[in-house]
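# Coordinates in review
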Amino acid sequence: MKEKTIDYILRSTWMNVQKMYNEEASKKDSTMATGFALISIDPEEGTPSTALGPKMGMEATSLSRTLKNMEAKGLIQRKPNPEDGRGVLIHLTPFGKEMREFSKNVVLRFDEAVKENITEEELQTFKKVANTILELINSKKIYTEKIA
């Protein structure tokens, strides 16, 4: 049997996690992206729209579409940022806070299920490997060799 590459394992695992989250979100007529945005917005203070994209690792165009859909569904309100006249704060509506709680519980249940099926040592090893991969990517140490 051919060994799977690390890239394949990461990609296929994440694609299946996304599919699972989208299936759960669809039960509330939502999506994983919406749930992730809800979790990323400060439920008390709101979050500057400019900080949300980087916080979620999303491009501005994708985030803009997600926020527009969230506003149409009554999950969020945009309000002027009192500390930055040009900026906008994204605030959760009461319905948005309710859906944030649902989204948070979906993520926590996933964490619980994983923790019920692997040891603490395996989890720590997984986190160490994932952080090392992130560091390699962020420090651009993978594709830095010079082409002759």
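Below is a short write-up of the structure. Keep in mind the model is a prediction, meaning the values are calculated, not measured.

### Thoughts on the sheet that holds strand S2 (residues 76-81)
- One open sheet accounts for three strands, arranged S1-S3-S2; its pairing is antiparallel. Looking along the sheet, the strands with just one partner apiece sit at the ends: strand S1 (47-48) and S2.
- Examined bridge by bridge, S1 and strand S3 (residues 84-92) share two bridges and lie antiparallel to one another. Note on S3: the bridge partner recorded for Pro 48 is Leu 89.

### Considering the layout of surface pockets
- Empty space within the largest pocket amounts to approximately 1400 Å³.
- In terms of lining residues, the largest pocket is bounded by 38 residues, among which Trp 14, Val 17, Tyr 21, Phe 110 and Phe 126 are the most central.
- Taken together, the elements giving at least two residues each to the lining of the largest pocket come down to helix H1 (6-26), helix H2 (32-40), helix H5 (94-117) and helix H6 (120-138).
- Its residues assigned to classes, the lining of the largest pocket shows 26 nonpolar, six polar and six charged.
- As a volume, the second largest pocket reaches approximately 210 Å³.
- Ile 133, Leu 136, Ile 137, Lys 140, Ile 142, Tyr 143 and Thr 144 are the residues that line the second largest pocket.
- For the lining of the second largest pocket, the residue count by class is five nonpolar, one polar and one charged.

Rules used throughout
Residues numbered from 1 in each chain as written. Predicted model: local features only at pLDDT ≥ 70, side-chain atom pairs only at ≥ 80, totals over all residues. Heavy atoms only, no water. Pairing = 2+ DSSP bridges. Helix = DSSP H or I, 4+ residues; strand = E, 2+ residues; numbered from the N terminus. 1 Å grid on protein atoms, 1.4 Å probe; cavity = no way out; pocket = protein on both sides within 12 Å on 5 of 7 lines; lining within 4 Å. Points joined across faces, edges and corners; volume = space filled by probe spheres on them. Nonpolar A, V, L, I, M, F, W, Y, C, P; charged D, E, K, R; others polar.

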